Each structure stands twice: as C-alpha cells, then as structure tokens.
Amino acid sequence: RDSEGRFRQLVETMRDGLGVQDENGIITYVNERSCELTGYSKDELIGRPATDLLEGPDREIYVEEFAKRREGTSGTYEVTWTGKDGRKIPTITSSAPIFDGQGNFRGSFAVVTDIAERKQAEGALRESEERYRAIVETQMELVCRFLPDGTLTFVNQAICRHLGQDRANIVGQNF
C-alpha cells in the first residue's frame, strides 16, 4: 500500500501528462496534468477514444504509433492534441505497450510533454534568422563567414556577383 501510495503521488504530481489506453485505444486513465493540458476533466476523458483529441495528420500518426505498440514496440513521436477549448497543444508523446501475463496486448501508456514554449522559441529563432539572412543577402557590401583555417562557410550574393560564380563554387574554398 505504501508503495502504491508513493507511485500514485508521483504520477499525480508529475509535470507531464500520463495516459493509459486499452487495446482499442480507449482512455482508461489520465493523471491530473493530462486534464490541465487538455482542459477536460478525468470523467470527460476516461472512456473516450484518444483519437477524439487529434485531427488530420496527427490522428494518422497516433494510429500508426498505436499499431507499433500492438507489435510490442515503444516509441516517441510529436503530435498536436486539441484541447477542450480548441487550443492546439504541441507535444512529444512517449509511449510503451502493455501486455498481460499471457503476452496478450492490453493497451499502452503514454507520457505527454507539452512543447508549446519550445515551438514558440523555434519559431522566433526561425523568424530572426530569416530577417538576418534577408539583410545580409541584400547588402551591396561583400559579406562572408569563414572558419579559423580560412574555409568559407557562407558568402552573400554580392560576393557571388563580384566573383561571377555560384555560391556552391565558393563555399568550401579557402578564403
């Protein structure tokens, strides 16, 4: 009982969602964090197909991954869950199969990590890189980047025009 109590406390206070589905993909258990992520209560989630929370390509990914659990393979994949309010929740989902003592597939469990902040940071970085690239590419001045040994790793279009060569012929050459 003590061990079960500690396990339950761990599962209910973890910072990631935890869900269990039966062999048909029906949710049989979720921890409190899963409810916080999705906006659904435990009563609203338990007894419902996990696919109800996924759309389009994400649903297809889940179905493919669930088939792998049936075969006995664990895996990690990215899907975007849809919350009760329609909010999109990008996640990394790590799941593993559950088999009974006779080797029969009984479902799977999954740990769901919200990666919304990471996705926002990636988007901001991508936007910043695009702005930087646009500025560098439109410069009339010659702009390049090279390694300490002089090997060119980047040249802008002004250098290409100046030398009358394609970037592919210049990058990799010694400065």
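Residues numbered from 1 in each chain as written. Predicted model: local features only at pLDDT ≥ 70, side-chain atom pairs only at ≥ 80, totals over all residues. Heavy atoms only, no water.

We now examine the confidence of the model for the chain. In the predicted model, the chain carries a mean pLDDT of 91, and the fraction of residues at 70 or more is 98%. The spread of mean pLDDT over the elements of the chain runs between helix H1 (residues 2-13), the lowest at 72, and helix H3 (residues 42-45), the highest at 97. (pLDDT = per-residue confidence, 0-100. Helix = DSSP H or I, 4+ residues; strand = E, 2+ residues; numbered from the N terminus.)

What follows deals with the packing of aromatic side chains. Two measures describe an aromatic ring pair: the distance that separates the ring centres and the angle between the ring planes. In the structure shown here, the tally under the stated rule is five aromatic pairs. Centroid distance phenylalanine 66 to phenylalanine 105: 5.6 Å. Interplanar angle 75°. Geometry classified as edge-to-face. Pair noted here: phenylalanine 66 is in helix H4 (residues 56-70) and phenylalanine 105 is in strand E5 (residues 105-114), with a separation of 39 residues, a long-range link. Assessed through its relative accessible area of 9%, phenylalanine 66 is described here as buried. Under the relative-accessibility criterion, phenylalanine 105 is labelled buried at 11%. (Phe/Tyr/Trp six-rings, centres within 6.5 Å; stacked < 30°, edge-to-face > 60°. Buried < 20%, exposed > 50% of the residue type's maximum accessible area, 1.4 Å probe, protein only.)

Before going further, it helps to examine the sheet that holds strand E4 (residues 88-99). Ordered in space as E2-E1-E5-E4-E3, the five strands form an open sheet in which the pairing is antiparallel. Edge positions in the sheet fall to strand E2 (27-30) and strand E3 (75-82), since each of these pairs with one other strand and no more. Recorded for the sheet is a direction-independent mean angle of 30° between the axes of neighbouring strands. Here strand E1 (residues 17-22) pairs with E2 via three bridges, running antiparallel. Across the sheet, the residue bridging to glycine 19 is valine 30, located in E2. (Pairing = 2+ DSSP bridges. Axes fitted to C-alpha atoms, helices over the stretch in contact; angles between N-to-C directions.)

Another aspect to go through is empty space enclosed by the protein. Overall, the coordinates contain one cavity of 30 Å³ or more when judged by the stated rule. Approximately 270 Å³ is the volume attributed to the largest cavity. Together, 25 residues line the largest cavity, and Gly19, Gln21, Ser34, Trp81 and Val112 are the ones closest to its centre. Of the residues contributing to the lining of the largest cavity, the split by class is 16 nonpolar, seven polar and two charged. (1 Å grid on protein atoms, 1.4 Å probe; cavity = no way out; pocket = protein on both sides within 12 Å on 5 of 7 lines; lining within 4 Å. Points joined across faces, edges and corners; volume = space filled by probe spheres on them. Nonpolar A, V, L, I, M, F, W, Y, C, P; charged D, E, K, R; others polar.)

We now examine the pattern of salt bridges. Enumeration over the complete set of coordinates arrives at ten salt bridges. Between arginine 87 and aspartate 85 there is a salt bridge, with its nearest N and O atoms 4.0 Å apart. A relative accessible area of 37% places arginine 87 in the partly exposed class. Three or more residues joined by partner-sharing salt bridges are found here, namely Glu65, Lys68 and Arg69. (Salt bridge = Lys/Arg side-chain N within 4 Å of Asp/Glu carboxyl O.)

Within the secondary structure, tyrosine 40 is located in the loop between helix H2 (32-38) and H3. The buried category is assigned to tyrosine 40, whose relative accessible area is 13%. Through-space distance from the C-alpha of tyrosine 40 to that of alanine 158 is 56 Å; in sequence the pair is 118 residues apart.

Okay, the nonpolar core next. Within the largest apolar cluster, 17 residues are counted, with the highest numbers of intra-cluster contacts made by Leu45, Leu53, Tyr62 and Trp81. Not counting the four nearest positions on each side in its chain, leucine 45 is found in contact with Ile27, Val30, Cys35, Thr38, Tyr40 and Leu53. Of all hydrophobic cores here, the second largest spans five residues; its members include Leu152, Val155, Ile159 and Ile170. (Core = buried A, V, L, I, M, F, W, Y, C linked by side-chain atoms within 4.5 Å. Contact = heavy atoms within 4.5 Å.)

Attention now goes to the environment of glutamate 12. Among the secondary structure elements, glutamate 12 is positioned in helix H1. Under the relative-accessibility criterion, glutamate 12 is labelled partly exposed at 23%. In this structure the C-alpha to C-alpha distance between glutamate 12 and glutamate 78, which are 66 residues apart in sequence, comes to 23 Å. If sequence neighbours within four positions are ignored, glutamate 12 has contacts with Tyr29, Val30, Asn31, Glu32 and Lys42.

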